[in-house]
Amino acid sequence: MPGPTADLFADDALQQPAGREQIGEQSYVLRGYALPWIERLLPALRSVLAQSPFRQMVTPGGFTMSAALSSCGALGWTTDTTGYRYSPLDPRSQQPWPALPDVLRELAVSAAADARFSDFDPDACLINRYVPGAKMSLHQDKNERCYSAPVVSVSLGLAAIFLFGGHERGDRAQKISLFHGDVVVWGGVDRLRFHGVMPIKEGVHPIMGPQRINLTFRTAG
């Protein structure tokens with residue numbers, strides 16, 4: 001996926017999920033979990049991005065984020081100089097965000113259940129695009145109205161080092177390598193742990209091109 005609406009992606013050699021790694025009391029990495037979904041997932045993702053292309057947003061502090069963003073679902077996450085928030089409308093088009101494709105919802109619900117979070121009902125999927133050098137600073141996902149639902153995060157494309165910290169910004173963070181098809185799920189007592197992404201290293205993924213795309217599912221409303 002060299003660009004936001006690139007032509008579909010060469011065939012991938014699918015592999016079976018390699019298992020569940022526990023990284024916190026209620027946090028897991030599901031290795032390769034998304035790989036069996038890729039063939040259906042990528043066309044759906046391309047359709048979403050054709051409607052709401054990636055854009056680089058500005059933080060309340062006036063900084064342009066290095067990761068480009070889009071969203072799908074009933075609510076989409078957005079930021080500008082007035083603050084962070086969810087909105088039913090894409091601020092670029094002033095139209096509703098694209099609907100959450102069934103295949104994306106099914107993947108997120110299945111991963112949550114396999115991480116021991118039943119009845120997950122996401123209404124927002126944040127889509128981040130990281131090119132080499134892009135990163136995400138340590139932060140908490142706390143713009144949602146309720147913290148009882150987990151966060152489900154799907155990695156596609158280039159490898160990343162995921163930083164998974166504690167409940168205070170200064171807590172020591174684990175450095176966890178994430179690869180194409182890996183899924184991270186955290187919730188419960190871990191729901192508000194700080195997390196981020198170290199700068200992406202140069203590379204070209206055989207399917208996704210010179211980028212990492214991250215899908216983050218949340219129950220926002």
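- Labelled according to an unreviewed UniProt entry, the protein chain appears under the name Alkylated DNA repair protein (DNA oxidative demethylase), originating from Pseudomonas grimontii.

A word on the overall build of the protein chain
1) Next: In terms of regular secondary structure, the protein chain is built from two helices and 15 strands.
2) Next: Here the C-alpha radius of gyration of the protein chain, 16 Å, is about what a compact globule of 221 residues would show, namely 17 Å.
3) Next: In terms of principal-axis extent, the alpha carbons of the protein chain reach across some 45 × 40 × 35 Å.
4) Next: Expressed as a percentage of the 221 residues in the protein chain, the buried residues total 53%.
5) Next: Counting only contacts in the protein chain whose residues sit at least 6 apart along the sequence, the fraction spanning at least 24 positions is 73%.

Considerations on the nonpolar core
1) Next: Residues Leu104, Ile127, Val152, Leu156, Val183, Leu215 and Phe217 are the most contacted members of the largest nonpolar core, which totals 39 residues.
2) Next: Among the elements that make up this core, the one with the highest residue count is helix α1 (residues 38-51) (seven residues).
3) Next: Discounting chain neighbours no more than four positions away, the residues touching Leu215 are Leu41, Leu45, Leu104, Cys125, Leu126, Ile127, Val152, Ser153, Val154 and Leu156.

Considering the packing of α1 against helix α2 (residues 102-114)
1) Next: Axis separation between α1 and α2 bottoms out at 8 Å; the angle between their running directions is 130°. In terms of orientation, α1 and α2 fall into the oblique class. Remark: the crossing between α1 and α2 carries left-handed chirality. Counted together, Arg40, Leu41 and Ala44 of α1 and Val103, Leu104, Glu106 and Leu107 of α2 form the full contact between these two elements.
2) Next: In terms of residue class, the contact of α1 with α2 is built from five nonpolar, no polar and two charged.

Let's talk about the packing of aromatic side chains
1) Next: Summed over all chains, the structure comprises four aromatic pairs.
2) Next: Arranged with centres 5.7 Å apart and planes meeting at 40°, the rings of Phe162 and Trp186 form a pair that is tilted. Placement of the pair is Phe162 in strand β11 (residues 160-164) and Trp186 in strand β13 (residues 183-186), with a sequence separation of 24 residues. Comparing Phe162 with Trp186 shows no difference in burial state: the two are buried.
3) Next: Where Phe164 meets Trp186, the ring centres are 6.0 Å apart and the plane angle is 65°; that geometry is what we call edge-to-face.

Concerning the pattern of salt bridges
1) Next: Across all of its chains, the model carries ten salt bridges by this definition.
2) Next: The residue Glu21 makes a salt bridge to Arg31 at a minimum N-O spacing of 3.1 Å. With Glu21 in strand β1 (residues 19-24) and Arg31 in strand β2 (residues 27-31), this pair connects stretches of sequence that are ten residues apart.
3) Next: According to the relative accessible area criterion, Arg31 is buried, its value standing at 14%.
4) Next: The partner of Asp121 in a salt bridge is Arg105, and the shortest N-O contact between them spans 3.2 Å. Residue Asp121 is found in the loop between α2 and β8 (124-130), and its partner Arg105 is found in helix α2; the two are separated by 16 residues along the sequence.

Reading the values: the criteria
- Residues numbered from 1 in each chain as written.
- Predicted model: local features only at pLDDT ≥ 70, side-chain atom pairs only at ≥ 80, totals over all residues.
- Heavy atoms only, no water.
- Helix = DSSP H or I, 4+ residues; strand = E, 2+ residues; numbered from the N terminus.
- Rg over C-alpha atoms; globule rule 2.2 N^0.38 Å.
- Buried < 20%, exposed > 50% of the residue type's maximum accessible area, 1.4 Å probe, protein only.
- Contact = heavy atoms within 4.5 Å.
- Core = buried A, V, L, I, M, F, W, Y, C linked by side-chain atoms within 4.5 Å.
- Axes fitted to C-alpha atoms, helices over the stretch in contact; angles between N-to-C directions.
- Parallel < 35°, antiparallel > 145°, perpendicular 65-115°, else oblique.
- Left-handed = near helix turned anticlockwise from the far one by under 90°.
- Nonpolar A, V, L, I, M, F, W, Y, C, P; charged D, E, K, R; others polar.
- Phe/Tyr/Trp six-rings, centres within 6.5 Å; stacked < 30°, edge-to-face > 60°.
- Salt bridge = Lys/Arg side-chain N within 4 Å of Asp/Glu carboxyl O.

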